[in-house]
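Below are the chains, spelled out letter by letter.
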Number of protein chains: 2
Amino acid sequence: MTAEHTAPDAPAAAVQQQRRAPTLEAVAELAGVSRATVSRVVNDSERVSPEARDAVNAAIAELGYVPNRAARSLVTRRTDTIALIMHERSDTVFADPFFASMLRGVNHALTSTDLQLVLIQIQGDPQRDRALRYVGNGHVDGVLLISLHGDDELATSVSKAGVPLVMAGRLLTDDRVDSVDADNVGGARRAVRHLVTTGRREIATIAGPQDMSVGVDRLRGYTEEVQAAGLPGSADWIATGDFTEAGGRAAMERLLAAHPTLDAVFAASDLMALGALQALRAAGRRIPTDVAVVGFDDTALAPYADPPLTTIRQPVERLGEEMVHLLLRRINDGAGAGSGAGADPSAVVLPTELVIRSSA
Amino acid sequence: MTAEHTAPDAPAAAVQQQRRAPTLEAVAELAGVSRATVSRVVNDSERVSPEARDAVNAAIAELGYVPNRAARSLVTRRTDTIALIMHERSDTVFADPFFASMLRGVNHALTSTDLQLVLIQIQGDPQRDRALRYVGNGHVDGVLLISLHGDDELATSVSKAGVPLVMAGRLLTDDRVDSVDADNVGGARRAVRHLVTTGRREIATIAGPQDMSVGVDRLRGYTEEVQAAGLPGSADWIATGDFTEAGGRAAMERLLAAHPTLDAVFAASDLMALGALQALRAAGRRIPTDVAVVGFDDTALAPYADPPLTTIRQPVERLGEEMVHLLLRRINDGAGAGSGAGADPSAVVLPTELVIRSSA
DNA sequence: CTGAAAGCGCTAACAA
DNA sequence: TTGTTAGCGCTTTCAG
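Computed from a predicted structure; not experimentally measured.

Rules used in this analysis
Residues numbered from 1 in each chain as written. Chains lettered and ligands numbered in written order. Predicted model: local features only at pLDDT ≥ 70, side-chain atom pairs only at ≥ 80, totals over all residues. Heavy atoms only, no water. Pairing = 2+ DSSP bridges. Helix = DSSP H or I, 4+ residues; strand = E, 2+ residues; numbered from the N terminus. Axes fitted to C-alpha atoms, helices over the stretch in contact; angles between N-to-C directions. Domains from an automatic or database assignment. Near = heavy atom within 4 Å. Polar contact = N/O pair within 3.5 Å; in protein donor to acceptor, adjacent residues only side chain to side chain. Nonpolar A, V, L, I, M, F, W, Y, C, P; charged D, E, K, R; others polar. Buried < 20%, exposed > 50% of the residue type's maximum accessible area, 1.4 Å probe, protein only. Salt bridge = Lys/Arg side-chain N within 4 Å of Asp/Glu carboxyl O. Phe/Tyr/Trp six-rings, centres within 6.5 Å; stacked < 30°, edge-to-face > 60°. Lys NZ or Arg CZ within 6 Å of the ring centre and 35° of its normal. Least-squares fit on C-alpha atoms with pLDDT ≥ 70 in both. Contact = heavy atoms within 4.5 Å. Buried area = accessible area lost by both parts, 1.4 Å probe. Core = buried A, V, L, I, M, F, W, Y, C linked by side-chain atoms within 4.5 Å.

Undergrad: Quick question: what am I supposed to make of the sheet that holds strand 10 (residues 310-313) of chain A here?
TA: Pairing between sheet strands relies on hydrogen bonds along the backbone, with the strands arranged either parallel or antiparallel. Residue and element names in this part refer to chain A. Read across the sheet, six strands follow the order 7-6-8-9-10-12 without closing on themselves; strand pairing throughout is mixed. Looking at which strands have only one partner, the edges of the open sheet turn out to be strand 7 (238-240) and strand 12 (353-355). Taken pair by pair, the neighbouring strands of this sheet meet at an average axis angle of 20°, ignoring direction. As paired elements, strand 9 (residues 292-297) and strand 10 share four bridges and run parallel to each other.

If you want it as structure tokens, here you go:
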């Protein structure tokens, strides 16, 4: 135990070891205290004498000590790591600026902690299982779920595994999962109200997938507002798409066929609004004089629309931040809780904002 | 050592522990072998008898055993984790589809391994140091660097710390870092050649930042090709921007002022091409009949350009994959290497492709 | 081919 | 307030 670390009988082998990082032990020795004391200082809890603390901090600085996460994790059973899981069914998810902005927010919220973010992308069943196993076996302290296709299984599996979970958007079938979402219903209502206010009377909508809360909520906002205004809004005023440009284009074409005289469209996403614009242009309709288009700002692509699109802006970045905040709260709560089921779930809803762009 | 794990004198405390994940020990017991044997099977190396192997695998399946990464990492000194570090100076980096596609490629390449990806975003000096310390202290096996602003410091610091590193794009000042890049020079040449071939004689370029290899290389491609064709290409045919739409717009305005009769533009990025299009339109020039624009496909935003843009497409996703492949090779090489400095660095260059879009 | 034993670096009771 | 003592779950010589 007291022998030097330089093994005398292995002169050649020593060369290849990359100067091992200083350990708690080394710090303790240099500071003239025990490992336990150093540990206390590092985890800045407990009562430690000022002198001891200073000595330890000095030693840490001198050695450039950084705690070994693996060792710590092994005993604390915390990993200081959270996973961002995304279920990517379509090929376009990653290219979606929505994802990028959210990630940005997540990262931003994480910088004040010393948690790490691991990215897990699920593309198929085997990967799903692998991720589930990974997450379920204590490899992460919590999970952020971006389920772009409103898939319930993953969420319930994760939370069933007793791992703190926060998801973006609401689960359609189970409201017992913590979630953070933009005010999609309110935003959609505001969009449609704007159209009504500017004198439009035949307002159609291009709705998103109805197996996702975003899709459902934005359609609901449309329906509610259109009814409130006493305007038509039956099924043939609604065309569903899949949040892509192509989907928006196709939906717009169907709507034009059904209602050649329509004078406004609320699209449940920017990408779809872009598609709608193209279809309208192809049909020889002038925008926005002839037909007004309002999109829901999923994608930050609005600037590329020509003419400029009026949009409902959702604070995507803050969405990511709020997810982290909520998750951290759950992780800390959970530490003391008894069984797996947490307290009553919170559903944070962030406000949206109407952005009117001057039509050139 | 032989005592049961059920402590007889702690009846109440047991309730709140979350059913601990099965350990190697449990598997060994069930399979009737020793921990060492299980370990050998799990790391499927070594010579193990078929019977033992089968018994162990059965036990693993039955228990749903997953190795504890922390414990493993503690002894192997490998973390099975690689970091993707991005130096985000501008606010737009994250929203850049280039990043998204690359990330996608990285993730894809990673699925065949059991490595995890941690995302580190650097926004300021303190974070830079923190990341450096994190990476330098063996918390990751390797680093992927997306240095969107050609910052050398970070790369040299990381590689000086002896951590395997692969970066996207070339380092301007130091060619001793492994890198993966698209064929920017060749792509730019092809773009310009295309313009020449279609009869354009006054070809300007909107170049990217000259402190990044992408910016430098694409400009170089332009210059080389324009010279080869005997066309003008002096400094006043070149306007530099910062890879944004606004930058492209401003650059285009300058070029128009200097050369009102120009009949083609090669923009070093899609976003800048988009800006150029706007400026040209504002100036009353018809596109592409009047002025032809070719962009370099950084962003996958080409479809949103109207009229359609001819572009040089770079395989961004494959870029991410190749980075991972190269990094893995380095990580495995490094295991046996002597001192820190690796073998001669490789600079993988991926081909680009000319995509001609029919102008509506 | 297999098992026993010794830690990896750290935290967490428990004593002092 | 501090030090001592056990391990956390795993890999890895070293014997058998």
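Undergrad: In this structure, what is going on with the domain arrangement of chain A? I would like to understand it.
TA: How large an interface is tends to be reported as the accessible area lost when its parts come together. Each assigned domain of chain A is listed here: domain 1 (20-76), domain 2 (81-181 + 318-347) and domain 3 (184-313). Look at where the C-alpha atoms of domain 1 of chain A and domain 3 of chain A centre, and you get two points 60 Å apart.

Undergrad: Just to check I follow, could you spell out the protein's contact with DNA strand D for this structure?
TA: Close contacts around DNA strand D come from 28 residues, with Arg-47, Ser-49 and Arg-77 of chain A together with Leu-24 and Tyr-65 of chain B the closest. Looking at DNA strand D alone, sugar and phosphate atoms form 60% of those within 4 Å of the protein. At 3.2 Å from a base nitrogen of DNA strand D is found a main-chain nitrogen or oxygen belonging to Ala-71 of chain B. Elements represented by at least two residues in the surface near DNA strand D include exactly helix 2 (35-42) and helix 4 (69-76) of chain A together with helix 2 (35-42) and helix 4 (69-76) of chain B. Residues of the surface near DNA strand D, tallied by class, amount to 12 nonpolar, eight polar and eight charged.

Undergrad: Please clarify how the pairing of strand 1 (residues 81-87) of chain B should be interpreted in this entry.
TA: If a strand is regular, its side chains alternate between the two faces of the sheet. All names here are of chain B. Among the seven residues that make up strand 1, seven are buried, leaving the element largely enclosed by the rest of the structure. What you see with strand 1 is no split at all: Thr-81, Ala-83, Ile-85 and His-87 on one side and Ile-82, Leu-84 and Met-86 on the other are buried throughout. Taken together, the seven bridges between strand 1 and strand 2 (residues 116-122) define a ladder with parallel strand orientation. Within strand 2, the position partnered with His-87 by the bridge is Ile-122.

Undergrad: Please explain the pattern of salt bridges as it appears in this structure.
TA: Two side chains bearing opposite charge may form a pair once their charged atoms approach each other closely. In total, this model carries 36 salt bridges over all chains according to the counting rule given. Its salt-bridge partner being Glu-225 of chain A, residue Arg-189 of chain A comes within 2.7 Å of it at the nearest N-O pair. With a gap of 36 residues between them, Arg-189 of chain A in helix 8 (residues 184-197) and Glu-225 of chain A in helix 9 (residues 213-228) connect regions that are remote in the sequence. A residue is classified by how much of its surface remains accessible, and Glu-225 of chain A, at 8% relative accessible area, is buried. Residue Glu-25 of chain B pairs with Arg-35 of chain B through a salt bridge whose shortest N-O separation is 3.8 Å. Here Glu-25 of chain B is found in helix 1 (residues 24-31), whereas its partner Arg-35 of chain B is found in helix 2, with 10 residues between them in sequence. Given the relative accessible area of 38%, Glu-25 of chain B is considered partly exposed. Each of Arg-189, Arg-193, Arg-220, Glu-224 and Glu-225 of chain A takes part in salt bridges that share partners, so that together they form one network.

Undergrad: Can you walk me through the packing of aromatic side chains in this structure?
TA: Aromatic ring pairs are defined here through the distance separating the ring centres and the angle between the ring planes. Enumeration according to the criterion identifies two aromatic pairs over all chains in this entry. The residue whose ring lies beneath Arg-218 of chain B is Phe-296 of chain B, and the NZ or CZ to ring-centre distance is 3.7 Å.

Undergrad: I'm lost on the relation of the copies chain B and chain A in this one. Help?
TA: To go from the first copy of the chain to the second, apply a rotation about an axis and then a shift along the same axis. Overlaying chain B with chain A gives an RMSD of 0.2 Å, the required rotation being 180° about an axis along which the chain moves by 0.2 Å. Here the copies are linked by what is in effect a two-fold axis. The overlap is high: 100% of the interface residues of chain B also sit at the interface in chain A, so the same surface is used on both sides.

Undergrad: Whenever I open this one, the pairing of strand 3 (residues 142-146) of chain A confuses me. Can you help?
TA: All names here are of chain A. The buried fraction of strand 3 amounts to five of the five residues, a majority that puts the element mostly inside the structure. Neither face of strand 3 is exposed, since Gly-142, Leu-144 and Ile-146 on one face and Val-143 and Leu-145 on the opposite face are all buried. The pairing of strand 1 (residues 81-87) with strand 3 spans five bridges and is classified as parallel. Among the inter-strand pairings, Ala-83 is bridged to a residue of strand 3, identified as Val-143. Note: strand 3 against strand 4 (residues 165-168), three bridges, orientation parallel. By the bridge assignment for strand 4, Leu-145 is matched with Met-167.

Undergrad: It is not clear to me how the interface of chain B and chain A should be interpreted in this structure. Could you clarify?
TA: Contact residues are listed per partner, giving 51 residues for chain B and 51 residues for chain A. With both sides pooled, the region where chain B packs onto chain A buries about 4,400 Å², and carbon together with sulfur makes up 51% of that total. Run the count over chain B and chain A and you get zero salt bridges. Across the contact surface, chain B and chain A share eight residue pairs in polar contact (both at pLDDT 80 or more). Broken down by secondary-structure element, the contributors of at least two residues to the side of chain B that touches chain A are helix 4, helix 5 (97-110), strand 2, helix 6 (125-136) and helix 11 (270-282) of chain B.

Undergrad: Explain the nonpolar core to me, please; I cannot follow it from the model alone.
TA: In terms of nonpolar packing, the biggest core is built from 94 residues, with Met-252 of chain A together with Met-252 of chain B touching the most fellow members. Beyond its immediate sequence surroundings of up to four residues, Met-252 of chain A is in contact with Ile-206, Leu-262, Val-265, Ala-276, Ala-279 and Leu-280 of chain A. Formed by 56 residues, the second largest nonpolar core is a distinct cluster that contains Val-316 and Leu-328 of chain A together with Leu-84 and Leu-119 of chain B.

Undergrad: How should the protein's contact with DNA strand C be read in this particular structure?
TA: Residues in contact with DNA strand C amount to 28 residues; listed here are only the nearest, Leu-24 of chain A together with Arg-40, Arg-47, Ser-49 and Arg-77 of chain B. Between DNA strand C and the protein, one listed contact pairs a phosphate oxygen with a side-chain N or O atom of Asn-43 of chain A at 3.2 Å. One nitrogen or oxygen atom from the side chain of Ser-49 of chain B is found 2.4 Å from a phosphate oxygen belonging to DNA strand C. Among the elements of the structure, helix 2 and helix 4 of chain A together with helix 2 and helix 4 of chain B are those that each provide at least two residues to the surface near DNA strand C. When the residues that make up the surface near DNA strand C are grouped by side-chain class, the tally is 12 nonpolar, eight polar and eight charged.

Undergrad: I would appreciate a short explanation of the environment of Leu-119 of chain B in the present structure.
TA: Checked against the element boundaries, Leu-119 of chain B lands in strand 2. The buried category is assigned to Leu-119 of chain B, whose relative accessible area is 2%. Sequence separation between Leu-119 of chain B and Met-86 of chain B is 33 residues; the distance between their C-alpha atoms is 8.2 Å. Leu-119 of chain B has contacts with Leu-103, Asn-107, Gln-116, Leu-117 and Leu-119 of chain A together with Leu-84, Met-86 and Leu-103 of chain B, leaving out every residue within four places of it along the chain.

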